[in-house]
Amino acid sequence: MITVENLRKTYGDFPAVVGSDFSVESGEVFGIVGPNGAGKTTTLKMLAGLVEPTAGTAEVLGMDPEDPEMRRKLGFLPEESPLYEDMTPRSYLRFFADLYDVPRDVADDRTDEVLDRLDLEYRDRRLGDMSKGMKRKVAIARSLVNDPDLLIYDEPASGLDPLTTNVVLEFVRELRDEGKTVVFSAHNLFHVESVCDRVVILNRGEIIARGTVPEIRAEHGETTYHVYTTVELPATDDHPATAPEGDRFVATVDDMADVEALREAAESADGRVVDIRTDEASLEDIFLRLARESPTTSAAEGGRGRS
Amino acid sequence: MSDHDSVRDDSTAADSPSSRFEGLRTRVVAHLRAVARIARWEVSRSAGTVDRKTIALGLVAALVAAGIAAGAVGSGVAIDQNLYRVGIASDSPYYDAVDQSSVLEPRPLSDPNVELVVSETHISVADTQTGRAAYQAYREAVQSYNERQMRLEANQSAAFPVVVTLQYRERGALVPAGSRVDGGNGGSAVSGDGSGTADGGDGSGADAGDGTGSAGSGTGVDSSDAAAADDTNIGASSLGGAAGLFGGDASGSPASISPPFPFASLVLAFAFLVPMNFVIQAYGSSILNERVNRRGELLLVAPISPGDIVAGKTLPYLAGMVGITVVIAAAIGGGPVSVAAVIPIGLLFLSSTFVGAMFARSFKELTFVTVTVSVFLTTYTFVPAIFTNVTPIALISPLTLVVRDLGGDAVSLGDFAFSVGPILLAAIVLFLLGTGVYREEDMFTQRSVPLKFLDALDSRISRPRSIATLSALSIPFVFIAELLAIAVLFVLPVDVTVPLVLVAVAVVEELAKSMHIYAAFEKARFARTIRVSLLLGALSGLGFFLGEKFTAIVQLVGLPSLTLGQAAFAPSGIGLATAAGLLVAPLVLHAVTASVTALGARRGKSTYALALVGAIGIHVVYNMQVVTNLG
């Protein structure tokens, strides 16, 4: 569906995207994750044909991103939803349907269905009189007016209240279930974890991790073990000391060898291990750690950026 | 047939002329449909932004303006309508003269509230300033009435027994020795042999003899020539009366002779400019509105090109301008020439506003841009038209063609091309420049206007030869700027004017040849090496040289017959060898000076400025040498 090779974009001397390589399979929700200024939006805009890469190639739906035919099969949702405020949702959606050669009746049926699913009742109210959440729903409906094969959504839940965010994220899942391919950017990693099949993590324009969320967790995440014992144990070279917690004692370690050492020590002291609990690192934890360790962190400091 | 053959046949079919034509037709139709959709949307959306009260107010204002215009056209603008009351009997022989005067109002003799009483035997004037003014108006009314009556006579020789042909001349200082001045319609009139007439039958027989152009000699001028003399730029006398306002009567009294100032035509021609100033306000807002808050981003990701969007957004405003122009032309008696001359002006208004709206960072800056466009273009088009009957320089404005058209004068194709060509080309280039930055990476950035300008130039550069293309495309602007310099400096003594024009020409041309090279270097489009700089300079010089040859069109209207025209454009009346040298020399000059500026531009802004000064200096010296050596 999408193949990206050594994609680069620089603004003057500032490297916004530094040699990205990834591919997106048909029917998956692909997440591009990173903080502000990581290069997410620039990457998405290069895929949508809005921004010309400085180097590298991107093939979207088997075509060049700037090919108008590719755009016919693309639904793009920018981070902001600046709509024409003097129009109504219906006239706005009809106008865009017209640009995509979608017949009026087909467009009306399609947008009515989407707006019903997004729970937007007001079809003939001025967009300028609508809330941000309502406008976002209209923008999402616009991205679907041409029944695209590929959806590129830049921060679709940005700035929305939790209720609307849930509606939008649920809608993205439904799109995937319908067979649409969605490329989805976010800096809220909870959104990514809850929706995306695969992700790339960008930092300072560079991909620092990639894969499914479990894969990334396995490769980059640290699992923490809380070992509960019946006896208090002093610290040794093999394990840390246990601390009282209620009627038990607990030590926190991040290695199974330490767990084993604690078990042996407890048994030597006529005690035993009564419980072991594990904490898996969140995507956010992994991201923060990778960002700190990223060698490009200092390289791009001070440049002007686009997220 | 094998698979291979099948593929080959398909390929052949796909490449056939008919299939290529079909493909082209499909693409053109797709573009036109996209443009029409955007245009339709622009109309409906713009209409939606105006509330009903504003629409009603606008309609009332339009009706009032139309009423005033109709009144002005029908009876002239008369704020002094029925200003003076005249007591006069209805059977008085002077009654019709008073009644037909717009200033005078006839009243019964018994009415005491009058400024003037005209009885059978005498005229009584109130001993007040108003009374004396009323008497003066009465005398003029009677005189005009008499002239009108005389014109109705079948025997015009009896009515006007003396024929005097007046011909207005340019100032002697501006007439090259030995040349004739025949109103500027003559082509290469510099030779002074009287052979170069392009307008036919304009009295060349009277002028060609000794080159002194003695007015009123009447030699070889028959009645048809005299009538044709009114068609020349310098123009014949204009006599008083309503018709005289449109270029002069054939007859009248010496007292009613007025200068060749086509007042009424000018006023009416100005009516074409007024709506444009309003239309560009709405147009500029619409363009900038797309850029505010990235509103237009979604159009850019739709399966349409930026050109389609720009064309679609511009079309309704252009159509509005054309519609208004046609209506105004119909109302004031303008013909197709007026409409055809005004439309390029409208395009230039729109294109300038478009570029301004693409560069402006806020509505505040846009206001500055639109006001600047309004003032500059209105001045540029209107002021030269004042001199319609005085000098061919007036033709730098298409409005001059309108004034001529309204005055019933003929407009030659050469005049039309000279007047409209640069304006039209400039408008097209401005649209291209603005469309170049109608893309995500440029539309939504908050860069300063000069930087946006450089972005726009750079957007049209993809390879070294683009530099030559841009240099050639700068010619309309160079032409306009140089003509403007001539028009502005026209009033100064020629000894001062010529050097100033030569400097102005050098500045304009060196800027035109180098700004895009500087933009390309600033945007890191090319390597900043000496070799590349020299290559770009040579290409720029070549492109400019080729584009400059289009200025040969000035030969069509006799502008080079003026000393100023010779200073600004290629001189004529020279030998073949000199002409050949002059053909190559400008190419060398342009290549050298453009290379100098390119070498400066590769190092940055300061060195570019220094190099520009140097290039201007070289250019000025060259111009001085050419003018001095060729006289």
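Please read these numbers as outputs of a predicted model, since none were measured by experiment.

Draft legend 1. Focus on the overall build of chain A. Assigned secondary structure in chain A consists of ten helices and 13 strands. Taking the principal axes of its C-alpha atoms as reference, chain A extends roughly 80 × 45 × 35 Å. Going through the 307 residues of chain A one by one, you find that 43% of them count as buried. Of all intrachain contacts in chain A linking residues separated by at least 6 positions in sequence, the fraction that spans at least 24 positions is 69%.

Draft legend 2. Representation of the interface of chain A and chain B in the model. Contacts between the two partners involve 19 residues from chain A and, on the opposite side, 16 residues from chain B. At the level of elements, helix 2 (68-72) and helix 3 (89-99) of chain A are the ones that each hand at least two residues to the side of chain A that touches chain B. Tallied by class, the residues present in the side of chain A that touches chain B amount to 13 nonpolar, no polar and six charged.

Draft legend 3. Broad picture of the domain arrangement of chain A. Domain annotation of chain A identifies domain 1 (2-218) and domain 2 (224-279). Each of domain 1 of chain A and domain 2 of chain A has a C-alpha centre, and these two points are 48 Å apart.

Draft legend 4. Region of interest: the pairing of strand 1 (residues 84-88) of chain B. All names here are of chain B. The buried fraction of strand 1 amounts to four of the five residues, a majority that puts the element mostly inside the structure. Of the strand pairs in this sheet, strand 1 and strand 3 (residues 116-118) are connected by three bridges, and their pairing is parallel. Counted as the bridge partner of Gly87 is Val117 from strand 3.

Draft legend 5. View of the environment of B:Ala456. Residue and element names in this part refer to chain B. Mapped onto the secondary structure, Ala456 falls in helix 17 (residues 449-459). Look at Ala456 and you get buried, because 23 C-beta atoms sit within 10 Å. C-alpha separation for the pair Ala456 and Glu42, spaced 414 residues apart in sequence, amounts to 24 Å. If we skip the residues at most four places from it in the chain, Ala456 touches Leu433, Gly434, Gly436 and Val437.

Draft legend 6. Summary view of unusual backbone geometry. Residue and element names in this part refer to chain A. Positive phi values are uncommon outside glycine, yet Asp119 reaches one of about 65°. By the element assignment, Asp119 lies in the loop between helix 4 (104-117) and helix 5 (132-143). Look at Asp119 and you get exposed, because 12 C-beta atoms sit within 10 Å. A positive phi angle is found at Arg204, which is not glycine, with a value near 50°. Counting through the fold element by element, Arg204 comes out in the loop between strand 8 (198-203) and strand 9 (206-212).

Draft legend 7. Region of interest: the nonpolar core. Counting 200 residues, the largest nonpolar core has A:Ile152, A:Val183, A:Phe184 and B:Ala269 as the members making the most contacts within it. In contact with A:Phe184, not counting residues within four places along its chain, are A:Val29, A:Phe30, A:Gly31, A:Tyr153, A:Pro156, A:Val172, A:Val195 and A:Cys196.

Draft legend 8. Spatial organisation of the UniProt feature "domain: ABC transporter" (unreviewed entry) in chain A. UniProt feature "domain: ABC transporter" (unreviewed entry): in the numbering of this structure it lies at residues 2-229 of chain A. Split by type, residues 2-229 of chain A is 36% helix and 29% strand. Its first and last C-alpha atoms lie 52 Å apart.

Draft legend 9. Inspection of helix 9 (residues 256-268) of chain A at higher detail. Residues and elements named next belong to chain A. Over its 13 residues, helix 9 runs 18 Å from end to end, which matches the ideal 18 Å to within 8%, given 1.5 Å per residue. Those residues of helix 9 that fall on the buried side of the exposure criterion are Ala261, Leu262, Ala265 and Ala266. Down the axis of helix 9, the sector holding all buried residues measures 135°, keeping them to one side. The exposed set on the far side of helix 9, more than 90 degrees from its buried face, consists of Met256, Ala257 and Ser268. The elements touched by buried residues of helix 9 are strand 10 (224-229), strand 12 (248-253) and strand 13 (273-279). Phi turns positive, to about 65°, at Asp270, one or two residues after helix 9.

Draft legend 10. Representation of the sheet that holds strand 11 (residues 243-245) of chain A. Residues and elements named next belong to chain A. The sheet built from four strands is open, its strands ordered 11-12-10-13 with antiparallel pairing. At either margin of the open sheet sits one strand with a lone partner, and together these are strand 11 and strand 13. Adjacent strand axes in the sheet meet at a mean angle of 30° when their direction is disregarded. As defined by bridge partners, strand 10 adjoins strand 13 across six bridges and the pair is classed as antiparallel. When the sheet's bridge partners are listed, His226 is paired in strand 13 with Arg277. Those strands touched by helix 9 are strand 10, strand 12 and strand 13, and its axis lies near 5° from that of strand 10.

Rules used throughout
- Residues numbered from 1 in each chain as written.
- Chains lettered and ligands numbered in written order.
- Predicted model: local features only at pLDDT ≥ 70, side-chain atom pairs only at ≥ 80, totals over all residues.
- Helix = DSSP H or I, 4+ residues; strand = E, 2+ residues; numbered from the N terminus.
- Buried ≥ 20, exposed ≤ 12 C-beta atoms within 10 Å, placed from the backbone.
- Contact = placed C-beta atoms within 7 Å.
- Nonpolar A, V, L, I, M, F, W, Y, C, P; charged D, E, K, R; others polar.
- Domains from an automatic or database assignment.
- Pairing = 2+ DSSP bridges.
- Core = buried A, V, L, I, M, F, W, Y, C linked by C-beta atoms within 7 Å.
- UniProt positions renumbered as here; feature names shortened; annotations may be inferred.
- Expected span 1.5 Å × (residues − 1).
- Arc of directions from axis to C-beta.
- Axes fitted to C-alpha atoms, helices over the stretch in contact; angles between N-to-C directions.

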